[in-house]
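Letter by letter, the chains look like this.
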There are 2 protein chains.
Amino acid sequence: MAKRNAFYAQSGGVTAVINATACAVIQTARQYPDLFDKVYAGHNGILGALKEELIDTSLETDRTVAALKHTPGGAFGSCRYKLRDLETSKAEYERLIEVFYAHNIGYFFYNGGGDSQDTAYKVSQMSEKMGYPLTCIGIPKTIDNDLPLTDNCPGFGSVAKYVAISTQEAALDIISMCETSTKVFILEVMGRHAGWIAAAAGLASYQEGDPPHIILFPEIAFNKERFLKRVQEVVQQHGYCVIVASEGTCYEGGRMLHATTEQDAFGHLQLGGVAPILAKMIKHELGYKYHYAVADYLQRSARHIASKTDVEQAYAVGKAAVEFAVAGKNAVMPAIVRQPGTPYQWTIGEAPLSEVANQEKLMPRSFITDDGYHITQEAKAYLEPLIQGEDYPPYYNGMPVYTDLKHTFVAKKLSRLFKV
Amino acid sequence: MAKRNAFYAQSGGVTAVINATACAVIQTARQYPDLFDKVYAGHNGILGALKEELIDTSLETDRTVAALKHTPGGAFGSCRYKLRDLETSKAEYERLIEVFYAHNIGYFFYNGGGDSQDTAYKVSQMSEKMGYPLTCIGIPKTIDNDLPLTDNCPGFGSVAKYVAISTQEAALDIISMCETSTKVFILEVMGRHAGWIAAAAGLASYQEGDPPHIILFPEIAFNKERFLKRVQEVVQQHGYCVIVASEGTCYEGGRMLHATTEQDAFGHLQLGGVAPILAKMIKHELGYKYHYAVADYLQRSARHIASKTDVEQAYAVGKAAVEFAVAGKNAVMPAIVRQPGTPYQWTIGEAPLSEVANQEKLMPRSFITDDGYHITQEAKAYLEPLIQGEDYPPYYNGMPVYTDLKHTFVAKKLSRLFKV
């Protein structure tokens, strides 16, 4: 079998561990030199393929590549750029194949969330249609944990750990001060439609009454009166109240507590602002002094406190993706499979891209308590294993040492520029 | 010399390492059983003395006390409650002496910022005036790093490390995505009048052009036009712009970018909201997609990434405070003294409370670059040693193990309740 090049791209919002996946793809491909010539990474994700901006990872040293495992962000650049159906985005799919052909790319590894798995699937269909032999493997990644057919998504465990620890630590601060100062603290976390990240804050509660006292999930309609009543009860009982709110918290009917009309490239609303809205509501109606934090990108880039389990899984899906390609598989995604029983054990399974694409896995109702404000034991049993272990990056001079790549571009071969 | 009890209280906003100081006070006092009978901790700081709510730390095991060293928040409760001058707050000073007398308290250790050092000084004056023998030792603590006569303040090094790392990590996220998504990221950090915390973000810049690109200090008047011009230049040059803004950023003349009329017990304005204001300004005037994070309490409770140097200094000032008392000193505060030269070395010195009280140490102008948007090499040389080393807490089941005290109250001896 002739050697061909591989193309790897990172897509959508990055995570603390997506580079661990990149590390695994490159390291594993290097183990099959008869099969893979070079691994080219897309500069800024799929845009790198469309614009023929390919980074030659073969020029990065083993040491640099190894250090990707502990470096947050997307080392090759990612993007929010959605390819639509094969007809609407026909020119783009054809361009991809054109670039792949020009650079003898026989393997397409696409590392992203639901939209990206959809793209990977469509690329596999297009390559077949055009008679261009291409192995397409999707690799799961999303802090939102909303992909189907995988028990969890690489990237989620680390944000879950960050949110649980931050909630616990901030709560210790507030309880210290609540007699004369802040009574209500709100932590706003990511999660547009699925409350997985907010749910993780529930791991900071060891027993009834522990903070966080109220978790707001996108899955549960927000009721202002009920919410304020609960806040008041909690403050009266404990002296303070810690709230963790998903950015996607919405009223019955789906109207977000705070939604702007600005949309990103995937057509998602740009959110942010639930915490100040809740804070003002509480101040106005109940008069409590509040503080709020908006974790925003800090939560998904916090490699310094990544979950070891998450790092291992992020690596494992990257490794499996290459091994799937070696085994001749196509249009599949490595999935994390939880083994029954305790202690927690996981293996790598396989999900067809056709079934992963464009589905969102919401929190099961059984993961949320009846009152809608906390997580159940069932949720804890699911979440707890995902935050196990610490995997500290190396430090120098007080700061983490994150790797920096050469980013050497492959010489362009196509005369045509592609307008994206 | 007859054995007497000691009183220890935590005051004002807590830090990731104030309990390391508490740990040192208790452990060191236990080493002088002939001098100190018991260490009583004020429940919610000085309020605990006024209300005669004293926690008997002698009932906490050595192991629990040792674990204070890695537990954030204020283990005995803190408060924002300011005693004013000796005349205005006469009843409160007298009440303190009354409670101290009732419980045979001969040592007063007050762990806080500038306001608290002032209180400790006044208590020493009052005890002298009333003829009650009391050793008063102030112990420095403040994330704001604004105490005079000490090279730095315990609590600051850890928030500095958190802010520097968070800035670095978030920047790696934004640079990955800026081609198609967020162009401007703003991190709002604490610091009402002094820009020390914002300055620490500058440690994430290793070379010219590295993020953060713009730091906003309370010491430098904010000029909207100049700021927006700079943001635009940075985005044009680098493709993205990372901004770290002090909550106390203000216009020429002192008007805060965002100030509510709500004040805390010390008469300070309750702040928060600089990041969204800057974000909207940028969106409106330049059209860039933005994200912002508000670190709020997360930054000062983040014990999981505390600076080892900070933990050691927080412990050292607690230990020195007790040793000062043993040595017969009074109305002093242990101070951190930086030794000349490199590598960084520090010792514990001694500052008279009369000179520490109510002074705010702002950033020297020489620590801020001429354009007002970054820190100088001189600032880096000052800041860098303070974030050295990691001091991870122990973990169990994926979460830090923070200590929980028994909080056993000493039986009240006074019939009179004191209204605070």
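Residues numbered from 1 in each chain as written. Chains lettered and ligands numbered in written order. Predicted model: local features only at pLDDT ≥ 70, side-chain atom pairs only at ≥ 80, totals over all residues. Heavy atoms only, no water.

Draft legend 1. Seen up close, the relation of the copies chain A and chain B. In the superposition of chain A on chain B (RMSD 0.0 Å, axial shift 0.0 Å), the rotation amounts to 180°. The superposition operator between the copies reduces to a two-fold rotation axis. The C-alpha atom lying nearest the rotation axis in chain A is that of Val 294 of chain A; the distance is 2.4 Å. Same-surface contact between copies: 100% of interface residues of chain A are shared with the interface of chain B. (Least-squares fit on C-alpha atoms with pLDDT ≥ 70 in both. Contact = heavy atoms within 4.5 Å.)

Draft legend 2. Looking closely at the UniProt feature "binding site: diphosphate" (unreviewed entry) in chain A. The positions UniProt marks with the feature "binding site: diphosphate" (unreviewed entry) are Gly 13 of chain A. Looking at the element boundaries, Gly 13 of chain A is found in the loop between strand S1 (4-10) and helix H1 (18-30). Under the relative-accessibility criterion, Gly 13 of chain A is labelled buried at 14%. Contacts of Gly 13 of chain A, omitting those with residues within four sequence positions, involve Arg 80, Lys 141 and Arg 300 of chain A together with Met 177 of chain B. (UniProt positions renumbered as here; feature names shortened; annotations may be inferred. Helix = DSSP H or I, 4+ residues; strand = E, 2+ residues; numbered from the N terminus. Buried < 20%, exposed > 50% of the residue type's maximum accessible area, 1.4 Å probe, protein only.)

Draft legend 3. Spatial organisation of the domain arrangement of chain A. Residue and element names in this part refer to chain A. Here chain A is partitioned into domain 1 (4-144 + 305-359 + 392-400) and domain 2 (156-304 + 367-387). For domain 1 versus domain 2, the distance between C-alpha centres works out to 32 Å. With 28 residues of domain 1 in contact, the opposing surface of domain 2 contributes 26 residues. Both faces combined, the contact of domain 1 with domain 2 buries some 2,400 Å², and carbon together with sulfur accounts for 55% of it. By the criterion of area lost to domain 2, the three top residues of domain 1 are Arg 80, Ile 143 and Ile 305, representing 32% of everything that side buries. Run the count over domain 1 and domain 2 and you get 0 salt bridges. For the interface between domain 1 and domain 2, the tally reads 12 residue pairs in polar contact (both at pLDDT 80 or more). Sort the elements by how many residues they give to the side of domain 1 that touches domain 2 and helix H11 (residues 308-326) lands first, with 3 residues. Considered class by class, the residues forming the side of domain 1 that touches domain 2 number 13 nonpolar, 7 polar and 8 charged. (Domains from an automatic or database assignment. Buried area = accessible area lost by both parts, 1.4 Å probe. Salt bridge = Lys/Arg side-chain N within 4 Å of Asp/Glu carboxyl O. Polar contact = N/O pair within 3.5 Å; in protein donor to acceptor, adjacent residues only side chain to side chain. Nonpolar A, V, L, I, M, F, W, Y, C, P; charged D, E, K, R; others polar.)

Draft legend 4. Expanded view of the interface of chain A and chain B. Taken together, the contacts link 70 residues of chain A with 70 residues of chain B. Between chain A and chain B lies a buried interface of about 5,800 Å² when both sides are counted; carbon and sulfur atoms form 54% of it. Per-residue buried area on chain A facing chain B is highest for Glu 169, Tyr 297 and Met 399 of chain A; these three make up 12% of the total on that side. The interface formed by chain A and chain B holds 4 salt bridges in total. Taking the shortest distance from any N to any O, the salt bridge between Asp 173 of chain A and Arg 300 of chain B comes out at 2.7 Å. Taken together, the connections running from chain A to chain B amount to 31 residue pairs in polar contact (both at pLDDT 80 or more). Of all the secondary-structure elements, those providing two or more residues to the side of chain A that touches chain B are helix H6 (156-177), strand S6 (184-189), strand S9 (290-294), helix H10 (296-301) and strand S13 (399-400) of chain A. Here the side of chain A that touches chain B gets 13 residues from one element, more than from any other, and that element is H6 of chain A. Grouping the amino acids of the side of chain A that touches chain B by side-chain chemistry returns 32 nonpolar, 23 polar and 15 charged.

Draft legend 5. Main features of the pairing of S1 of chain A. Residue and element names in this part refer to chain A. Counting buried positions along S1 yields 7 of 7 residues, so the element is predominantly enclosed. As paired elements, S1 and strand S2 (residues 36-42) share 4 bridges and run parallel to each other. Each residue of the ladder has a partner; that of Phe 7, found in S2, is Tyr 40. Crossover handedness for the path S1 to H1 to S2: right-handed. Direction of pairing for S1 relative to strand S4 (residues 105-112): parallel, over a ladder of 6 bridges. Across the sheet, Asn 5 pairs through a bridge with Ile 105, a residue of S4. (Pairing = 2+ DSSP bridges. Right-handed = clockwise from strand over helix to strand, strands pointing away.)

Draft legend 6. Quick look at the side chain of Thr 119 of chain B. Note on placement: Thr 119 of chain B falls in helix H5 (residues 114-129). The residues touching Thr 119 of chain B, leaving out its near neighbours within four places in the chain, are Leu 83, Tyr 93 and Tyr 110 of chain B.

Draft legend 7. Structural view of the nonpolar core. Among the nonpolar cores identified, the biggest contains 96 residues, and Tyr 162 and Phe 185 of chain A together with Tyr 162 and Phe 185 of chain B are the most heavily contacted of them. When neighbours within four sequence positions are excluded, Phe 185 of chain B is seen to be in contact with Asp 296, Tyr 297 and Leu 298 of chain A together with Ala 170, Ile 174, Cys 241, Val 242, Ile 243, His 291, Tyr 292 and Ala 293 of chain B. If you look at the next biggest cluster of nonpolar residues, it comprises 50 residues, including Ala 275 of chain A together with Leu 228, Val 274 and Ala 279 of chain B. (Core = buried A, V, L, I, M, F, W, Y, C linked by side-chain atoms within 4.5 Å.)

Draft legend 8. Representation of the layout of surface pockets. Approximately 1,100 Å³ is the volume attributed to the second largest pocket. Considering the residues around the second largest pocket, the lining is formed by 44 residues, among which Leu 172, Ile 175 and Asp 210 of chain A together with Thr 403 and Asp 404 of chain B are closest to the centre. When residues of the lining of the second largest pocket are traced back to their parent elements, those giving at least two are H6 of chain A together with strand S13 (399-400) of chain B. Counting residues per element, the lining of the second largest pocket draws most heavily on H6 of chain A, at 6 residues. Considering only residue class, the lining of the second largest pocket consists of 19 nonpolar, 19 polar and 6 charged. (1 Å grid on protein atoms, 1.4 Å probe; cavity = no way out; pocket = protein on both sides within 12 Å on 5 of 7 lines; lining within 4 Å. Points joined across faces, edges and corners; volume = space filled by probe spheres on them.)

Draft legend 9. Broad picture of the side chain of Asp 118 of chain B. Within the secondary structure, Asp 118 of chain B is located in helix H5. Leaving out residues up to four positions away in the same chain, Asp 118 of chain B has contacts with Leu 83, Ala 357 and Asn 358 of chain B.

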